[in-house]
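Descriptive analysis of the structure
Single-letter residue listing:
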Amino acid sequence: MNLIKFYHGIKRMPTLLCMFVTLFGCVSTQVHGQQSLFDRLTNDRFIFGLQNGEEYDIDEYSNEDSGAETDEHNFDKASETGSETGGGQQTDESTEQQPDKALTQQTDESVKQQIDKADSSSDVQQNDKADAKHTAPERDYFFRYVHSVHKGARISAGLSGRGYIGYLQLESPMPVPYFELSVRNFGVGLYPLAALQSSFPKKNIPALFLGAGSLTFDSFLKAAHFTGFSKTKANYGGVKFPWEQFIGIGSGQKAVQYGVEVYGSGWNGGFFASPEPKKQRMRYGLIGGWRMNQKKADINFAVQYLTAFMPELVREVKPSSAESSGIYGEDIRQRYHTLFGLNAVFTHPIVSFSTTGFCSYAADKTVSGAVQAEIDAWYRYAGIRTGGSYTGARAVNWDGKQQNEQISAFIQPHFKVGLFSLSALYGFSMEDRTMLHNGGLITQVKHEVIRWKASWDYRNELHTIKTELICISKPKWFNGVQWLQKAAAGASVELQDKTANPFILKKYAIHINGHFCITDGVFCGIAGSFSQAVRKEETENERLIYLQSPVYGGGVYVSFKRDGIGKVHSGKLEVSVRNEKPYYDVKLVYQIRGK
């Protein structure tokens, strides 16, 4: 370890790190922390299976396009690292791989439910589906240290209590022996009025949330990007009821955001500021919402309103002071695009619908907008989802970009009978008089011992086929197998049209892994992968298409999990090898979590 590098790394860390500890020591007390955020960050995927490198980036849309029954397997990451596949939305930095429920062996199932009213109102990461009430601890915390020989180190820590929640992540991306820490991500949330609820338990006091850092926003803001249904896949989960709190703390790496929100029983309102993805100019938004829940009839209805302001630099040519000479000057001023949005959602076990409309008023006074609607129906064993969207020409979205006229629609029938489920999808999108078709199919069998899943997806003239078979050890089924916990094998293939690729085959991959329990609280595992892809190289004079050399690798790990007094210790040592640079990697993980 290079101590000089370590010293300079600590020295360069901003003053926020000192404020992180001081602030939480002075804040008062009532549980309004997002316990589910810590649950997802510290779940057993860090103990079972090999890691993917981006294991921390869990963003606000991690489950937006994945249903509970049709989570798509991430075969690409598994083929690259030999790790266990899991479900999640297909995003670059917000994919969360969920472990198998039979493998996680969670000792406290209450963390998967929404806790009491004060906590559930602040738990923006969960939908309002659970009515069970549990008593949450006054304080919750976790600390994790991960060090890789080639990828460097990451330190993550979280602390929540009565009236506050904080999350901090440091990283040193330099390989061993260099070590220079910098802030990768942080999030701070305060609830200044939290103590009043405990002082006046019979009164329903609204909650005030003040947040900064990496924040999450309800899916209503995602619709303001005007993507419509053009990216919908067969694993789409249908209409989602809005969060009770629009703004919350997240863990995905992003620029610093700010948010203030007041919410109570059935209503919320707030203000937030978020920089643009590339230009980093600040955007602003005002939100408001009202919701109704009829538990006896199982009916939920919500209305949301959004007003957003996106900056735009406008160049104006004005005559100079020397008008007689005919000299003109250029004046650059910053104006704002304005976006108005309204969203209505109705959910019921049989029929649900959602409709969203936007009106954009550009800085050059151009008026346009977008609208989308969806309806879901389900009865006994079968259901159908269908929706459509329209985006007007020159409509300005949340990113401040003017859109072309676009139409998109989809239809998704799905079935479930006992252990078997099937989901199909067809969709199209038309932009600039060019129509693109897409579709998909997912079928799976869920048994307590054998689980099989296969999927097919078509978009952008690319066919992607995936399948995986999982075997979970059960004592009553495997009396002679004492150590085996889980075994899995899967494959994926990507195919293109022959006009674009004479090989037709673009890429294929195979992976296999197994997980074992050596003794109580001590585990181990092994994994392997093999993949090969076609590469294109084009120049002005020639076009070269050839099959690359295969990429293969594997890894082993040993991990432990021990319950202590008021906390849980866990750790892992992982070794992986590949036939590409870097040819090997060694990773050490240690985690402590309060309980």
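All of these numbers come straight from a predicted model, not from anything done at the bench.

This brings us to a nonpolar patch on the surface. The grouping of Tyr305, Phe340, Leu342, Tyr361 and Val367 at the surface amounts to a nonpolar patch, some 480 Å² of accessible area in total. Considering the arrangement of structural elements, one finds Tyr305 in strand E11 (residues 299-319).

Turning our eyes to something else, we now look at the pairing of strand E19 (residues 420-431). Both strand E18 (residues 406-417) and E19 contribute to a ladder of 10 bridges, which runs antiparallel. What sits directly across from Val417, in E19, is Phe420. The turn joining E18 and E19, which pair antiparallel and follow one another in sequence, is formed by two residues; a positive phi near 60° is taken by Gly418. Note that E19 and strand E20 (residues 434-446) share 12 bridges and pair antiparallel.

Before going further, it helps to examine the nonpolar core. Among the nonpolar cores identified, the biggest contains 33 residues, and Phe246, Phe272, Leu306 and Phe358 are the most heavily contacted of them. Looking at this core, the elements with two or more residues in it are helix H3 (35-41), strand E3 (164-172), strand E5 (207-213), strand E6 (215-217), helix H8 (219-223), strand E7 (247-249), E11 and strand E16 (395-396). The contacts of Phe358, once residues within four sequence positions are left out, are Phe220, Ala223, Ala224, Phe226, Leu306, Leu339, Phe340, Gly341, Ser368, Gly369 and Ala370.

With an omega dihedral of -10°, the bond running from Lys581 to Pro582 counts as a cis peptide bond. Inspection of the secondary structure assignment puts Pro582 in the loop between strand E28 (567-578) and strand E29 (584-594). Even without being a glycine, Glu461 presents a positive backbone phi close to 60°. Its place among the elements puts Glu461 in the loop between strand E21 (450-459) and strand E22 (462-472). Residue classification places Glu461 among the exposed residues on the basis of a relative accessible area of 57%.

Residues with a pLDDT of 70 or more make up 73% of the chain, whose mean pLDDT is 78. Overall, residues 321-325 carries pLDDT values under 50, and its contacts beyond four positions in sequence, including any with other chains, amount to one contact.

Before going further, it helps to examine the environment of Lys572. Among the secondary structure elements, Lys572 is positioned in strand E28. Since its relative accessible area comes to 3%, Lys572 is described here as buried.

Rules and cut-offs
Residues numbered from 1 in each chain as written. Predicted model: local features only at pLDDT ≥ 70, side-chain atom pairs only at ≥ 80, totals over all residues. Heavy atoms only, no water. Patch = residues over 30% accessible without salt bridge, like charges linked within 9 Å, V, L, I, M, F, W, Y side chains within 5 Å. Areas by Shrake-Rupley, 256 points an atom, 1.4 Å probe, with all protein chains shown as cover. Salt bridge = Lys/Arg side-chain N within 4 Å of Asp/Glu carboxyl O. Helix = DSSP H or I, 4+ residues; strand = E, 2+ residues; numbered from the N terminus. Pairing = 2+ DSSP bridges. Core = buried A, V, L, I, M, F, W, Y, C linked by side-chain atoms within 4.5 Å. Buried < 20%, exposed > 50% of the residue type's maximum accessible area, 1.4 Å probe, protein only. Contact = heavy atoms within 4.5 Å. pLDDT = per-residue confidence, 0-100.

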